[in-house]
Structures are given as structure tokens and as C-alpha cells.
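Residues per chain, in single letters:
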Amino acid sequence: MNILLLGSGGREHAFAHSIAKSNKCSQLFIAPGNPGTLQLGINVPIATTDFAAIKSFALENEIKMIIVGPEAPLVEGIYDFVVNDAELRHIPVIGPSKIGAQLEGSKAFSKAFMMRHQVPTAAYAEFTMATLNEGLAYLSQQTPPIVLKADGLAAGKGVLICSSIDEAKDEFKQMLDGKFGDASAKVVIEEFMDGIEFSVFVLTDGKDYKILPTAKDYKRIGEADTGLNTGGMGAVSPPPFVTDDMMKTVEDTIIKPTIQGFQKDGIVYIGFVYVGLMYLKTGEIKVVEYNCRMGDPETEAVFPRWKNDIIEVFQSTVEGRLSNVDIDIDERAATTIILASGGYPEDFEKGKAITGIDEIKDSIVFHCGTKLIEDDKGQGILVSNGGRVLAVTSLHVDWKSALAISNKNASIIQYEAKYYRKDIGFDL
Ligand code: AMP
Ligand code: GLY
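Since the model is a prediction, treat every value here as computed from it, not as a measurement.

Cut-offs used in this document
- Residues numbered from 1 in each chain as written.
- Chains lettered and ligands numbered in written order.
- Predicted model: local features only at pLDDT ≥ 70, side-chain atom pairs only at ≥ 80, totals over all residues.
- Heavy atoms only, no water.
- Helix = DSSP H or I, 4+ residues; strand = E, 2+ residues; numbered from the N terminus.
- Rg over C-alpha atoms; globule rule 2.2 N^0.38 Å.
- Contact = heavy atoms within 4.5 Å.
- Areas by Shrake-Rupley, 256 points an atom, 1.4 Å probe, with all protein chains shown as cover.
- Lys, Arg positive; Asp, Glu negative; His and termini not counted.
- Charge placed at Lys NZ, Arg CZ, Asp CG, Glu CD.
- Near = heavy atom within 4 Å.
- Polar contact = N/O pair within 3.5 Å; in protein donor to acceptor, adjacent residues only side chain to side chain.
- Nonpolar A, V, L, I, M, F, W, Y, C, P; charged D, E, K, R; others polar.
- Core = buried A, V, L, I, M, F, W, Y, C linked by side-chain atoms within 4.5 Å.
- Buried < 20%, exposed > 50% of the residue type's maximum accessible area, 1.4 Å probe, protein only.
- Pairing = 2+ DSSP bridges.
- Arc of directions from axis to C-beta.
- Phe/Tyr/Trp six-rings, centres within 6.5 Å; stacked < 30°, edge-to-face > 60°.
- Lys NZ or Arg CZ within 6 Å of the ring centre and 35° of its normal.

A few points about the overall build of the protein chain
For step 1, the next point in the chain: When you go through the protein chain residue by residue, the secondary structure sums to 12 helices and 23 strands.
For step 2, the next point in the chain: Here the protein chain has a C-alpha radius of gyration of 21 Å; the compact-globule value for 428 residues is 22 Å, and the two agree.
For step 3, the next point in the chain: In the protein chain, once contacts between residues fewer than 6 apart in sequence are set aside, the share between residues at least 24 apart is 69%.
For step 4, the next point in the chain: With an accessible surface of roughly 17,600 Å², the protein chain has 49% of that area assigned to carbon and sulfur atoms.
For step 5, the next point in the chain: One finds the centroid of the 42 positive side-chain charges in the protein chain at a distance of 2 Å from the centroid of its 58 negative side-chain charges.

Points about the site of ligand 2
For step 1, the next point in the chain: Taken together, Asp217, Gly231, Tyr274, Asn291, Arg293, Gly295, Asp296, Pro297 and Glu298 form the complete shell of residues around ligand 2.
For step 2, the next point in the chain: A distance of 2.9 Å separates an oxygen atom of ligand 2 from a polar side-chain atom of Arg293.
For step 3, the next point in the chain: Here ligand 2, which alone exposes 200 Å², has 88% of that area covered by the protein.
For step 4, the next point in the chain: Of the residues that constitute the shell around ligand 2, the class distribution is two nonpolar, three polar and four charged.

Notes on the nonpolar core
For step 1, the next point in the chain: If you look at the biggest cluster of nonpolar residues, it comprises 49 residues, and the most contacted ones within it are Leu4, Ile66, Phe198 and Leu277.
For step 2, the next point in the chain: For this core, the leading source of residues is helix 9 (residues 244-265), giving seven residues.
For step 3, the next point in the chain: Once you skip the residues sitting within four places of it in the chain, Leu4 turns out to touch Phe29, Ala31, Val44, Ile54, Phe57, Ile63, Met65, Ile66 and Ile67.
For step 4, the next point in the chain: Judged by nonpolar contacts, the second largest core, of 27 residues, contains Ala215, Val302, Trp306 and Ile311.

Focus: the pairing of strand 22 (residues 388-396)
For step 1, the next point in the chain: Judged by how many residues are buried, strand 22 sits mostly within the fold: eight of nine residues are covered.
For step 2, the next point in the chain: Looking at chain direction, strand 19 (residues 364-367) and strand 22 are connected through four bridges and run antiparallel. By the bridge assignment for strand 22, His367 is matched with Leu390.

Focus: the site of ligand 1
For step 1, the next point in the chain: Around ligand 1 sit 14 residues, and of these Glu190, Glu191, Met193, Glu197 and Glu289 come closest.
For step 2, the next point in the chain: The backbone of Met193 places a nitrogen or oxygen atom 2.8 Å from a nitrogen atom of ligand 1.
For step 3, the next point in the chain: Glu197 is positioned such that a nitrogen or oxygen atom in its side chain is 2.4 Å from an oxygen atom of ligand 1.
For step 4, the next point in the chain: Relative to its unbound accessible area of 470 Å², ligand 1 is 88% covered by the protein chains.
For step 5, the next point in the chain: Of all the secondary-structure elements, those providing two or more residues to the shell around ligand 1 are strand 7 (146-150), strand 8 (159-162), strand 9 (186-191) and strand 17 (285-291).

Regarding helix 7 (residues 132-140)
For step 1, the next point in the chain: Within helix 7, burial applies to Leu132, Gly135, Leu136 and Leu139. Taken down its axis, helix 7 places every buried residue within 100° of arc, on the same side.

Concerning the packing of aromatic side chains
For step 1, the next point in the chain: Taken as a whole, this structure holds 17 aromatic pairs when the rule is applied.
For step 2, the next point in the chain: Aromatic side chains Phe29 and Phe57 sit 5.0 Å apart centroid to centroid with 80° between the ring planes, which places their arrangement in the edge-to-face category. Pair noted here: Phe29 is in strand 2 (residues 27-32) and Phe57 is in helix 2 (residues 51-60), with a separation of 28 residues, a long-range link. As far as the burial class goes, Phe29 and Phe57 line up, both buried.
For step 3, the next point in the chain: Where Phe241 meets Tyr279, the ring centres are 6.3 Å apart and the plane angle is 5°; that geometry is what we call stacked. Separated by 38 residues along the polypeptide, Phe241 in the loop between strand 15 (234-237) and helix 9 and Tyr279 in strand 16 (residues 271-280) bring together distant segments of the chain.
For step 4, the next point in the chain: The exposure class assigned to Tyr279 is partly exposed, which follows from its relative accessible area of 28%.
For step 5, the next point in the chain: Connected via pairs of aromatic rings, a cluster forms that spans Phe15, Phe272, Phe303, Trp306 and Phe314.
For step 6, the next point in the chain: Directly above the aromatic system of Tyr218 lies the positively charged group of Lys216, at a separation of 4.4 Å from the ring centroid.
For step 7, the next point in the chain: Directly above the ring of Tyr420 sits Lys422, whose terminal nitrogen or CZ lies 4.4 Å from the centroid.

Right, here's the structure in full:
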């Protein structure tokens, strides 16, 4: 069948890498895709949120499944758009409904969902400009550090951890005043959780679910987790500290109530739930956040370990047969290193020629932010085109030996102002 994958990053290259192996896929199209996905299918110049263009393309090209990578089209309602369109509704979408995507699109929605369904998470309260004074009074009662979160999508920047009540009050006022635009018109104030983070990925049809490999990502730009937050600078799957007992706790106290919550609330959810977790120093495990999609760069570490024909699994998911599926996972560990542009996550330059990828034989190199351009002789050259440029994933018996391979290959790839963290896994 013909498949349309939406997105253009390393996550989508990793999806395409798995989809291209499926016996069920005759032609893979990626909108808009990148030079990496171009090696596995046909890139089409359509934005992920241009639903009208997606409709025409899907009908003209006999698309039989739409797989959604990033959150933006989900939060904007791609699922509902397809289901409510008589010409499109025969095409299954892998991705939740608009209301389901609010688990990521609104922190207040997701906190209320967790409270309603007794999913363990940090205590919180929500405020708007209309309740500014109540918010300031609430902050006076808190013990720092205090976590402030913009309610809406803020490109990963909307969470602030304040070390004093005064700083929190100041930031709180700025947020309500539009620091993150409409996204911070509502602010969630949250209790700080002290521990180590990891993520669990769940594929669900809203009733049954399958747990995919766990992963840990490294969000800060600097070594030893210092400096600004990024989209993610590397990932390890599985994080070695996650035991079977911990996973049983996660399944019983977090995953089951989440999926049952979808049913109780009548939320249509066919797709991935990314559950960001904190393993607290007290031994408890609580939810930091939900995302309505797979993680990036976690997908680049998790999907290469996932051995099933993923289109077969997606078909079972949309047909309500997920309980019959056995998830088949490569026992080896995967370690991913992100190669970034110097300066990221602040200003950085694009258009730097990339060499060395062809020399790499023992890692998978996923494209995150790259572009093909023509030189004066009409030859195609690959250049950097984003803050995160490439993801280098290696599989080996344990994460350390996988990391050694990724590190070796990260040094072989060359472009001007290349930057990567050499300490992925330092805390494991
Ligand atoms: P979020 O967008 O909610 O995942 O928050 C981004 C990052 O902020 C998380 O990955 C955590 O590292 C941190 N964070 C968020 N909420 C808390 C919290 N309640 N306690 C400690 N750290 C947090
Ligand atoms: N790596 C974090 C995310 O995908 O949200």
C-alpha cells in the first residue's frame, strides 16, 4: 500500500527507515521529508499542517495510511480532519484525535487528566491574568525550586525552573504578560521533582496497548547537563537503571490508568503516547509530561531496536487487533548522538557542507536538519540546515559499547562548527 508520513526530522527519518523495511509498503511518501528520507521514499513539498494539500495528495496518490511524526498537525486536528471528510475517512491515521493531542497541547489539560485518573504526577495549580493575585499568593506558599510551565506549545522552551520565590513571581508575571505568546496566557505552577528522568513509549488503539523500549534523552546543550534546553542531544535505549519492577509499577500505576482514562473520557487515541517520567529519589515514579507522538531523538534509538514489520503493527492497531501483536525487540542497546550546529539552541549558521557519512558502516546516520543543494557544476552537495543536523545511532551489547561506536563515527562526519556532546550516558 501507499503510505504518507508527515514530518521532516530525525524522528521521521527513523520512521521511514522502519517503514521502508515493511513488506506491506509499496510506496512511501514523506511530506516534507529531508535528504535522509529521500533515500527511502519520495519527498513531497507539503507542510505537515497544510491539510487541504495533504487531502489532494492523498486522494491523487491512493494513500492507504497516514503516519504523523510531529505534534503540530496532531494538535491542529489532522485526525479529525480526515475522519470528518467523506472522501478521506477510509484512510487510517496513526496519531490521536485533536482532543487526545491536548495531552501535549495543553499542560493544564494533561494535569487535569492525570488528576482525574489518579496518574501520579507533581502537585500543581493553574492561573491566568484574571487570577494573577491568587497565583502570586500561591507562589508565596511554595518551597523553591518552583516549576512554571506555559500551558500551550512553546517549542520546548515553555518550562522554567526558578530557584527563589521572587524569581518565580517575576517570571510568572512575564509569562502571563505574553513571554511565550498565547502559549503562556495560562500558566501551570508545579512542585519540583528531584530525580532522574526516563521515557516510556506506548502504542495504543485507545483500548489495548503495547509498550515499546524505554529511552533516556539528554536535553541540555552542555556536557554534564548544563546550559540551555534543546530538542535533545542524544539518547540511550534502554536506560540501564530501569528495572522490570519499575516497569511493572509504570504499567500498573501510569500506563493502565492513562489508557483507561481515554476510554472513560471518550478520547479517541490511535497512536503513540510518550510518557516522560521522573524516578524520584524517594523511589516513586511520577509523570513529568505526556507527548502525543514519539520523541526526537528517542525514536532514533528506539526504532532501530524494534524488529516487527511496523506497518503490520499499525494495521493491527487501526483494526483493533493490537492485543494479538507480539512486540519483537532487539536485545542490544542503542545509543544515539546528535550532531548539532555550533551556537544551537541559540543563533547558528546553516549551509555548511557535510562530508564523511558514506564512510560510516557500523552506525545508522539519520538526517535531522540537512538539505541538498547544487554546486556550480550541478553536483548535489549535502549541507546543514538546522540546529540539530544528524543523529548517529549504534547498536551493541550494552549502551557503553554502542556509545563508543557512535562517538567514533561522530568524529568522522565533518562540517564547519560541528558540535556534539561527548558525555551522553554520563549519569548512568
Ligand atoms: P516538560 O516540557 O513538561 O517535559 O518539561 C521540560 C523539562 O523540564 C522536563 O524534561 C524536566 O527536565 C523539567 N521538568 C518539568 N517539570 C518538572 C518538575 N515538576 N520537576 C522537575 N523538573 C521538571
Ligand atoms: N526529546 C524530547 C521530545 O521529543 O520531546
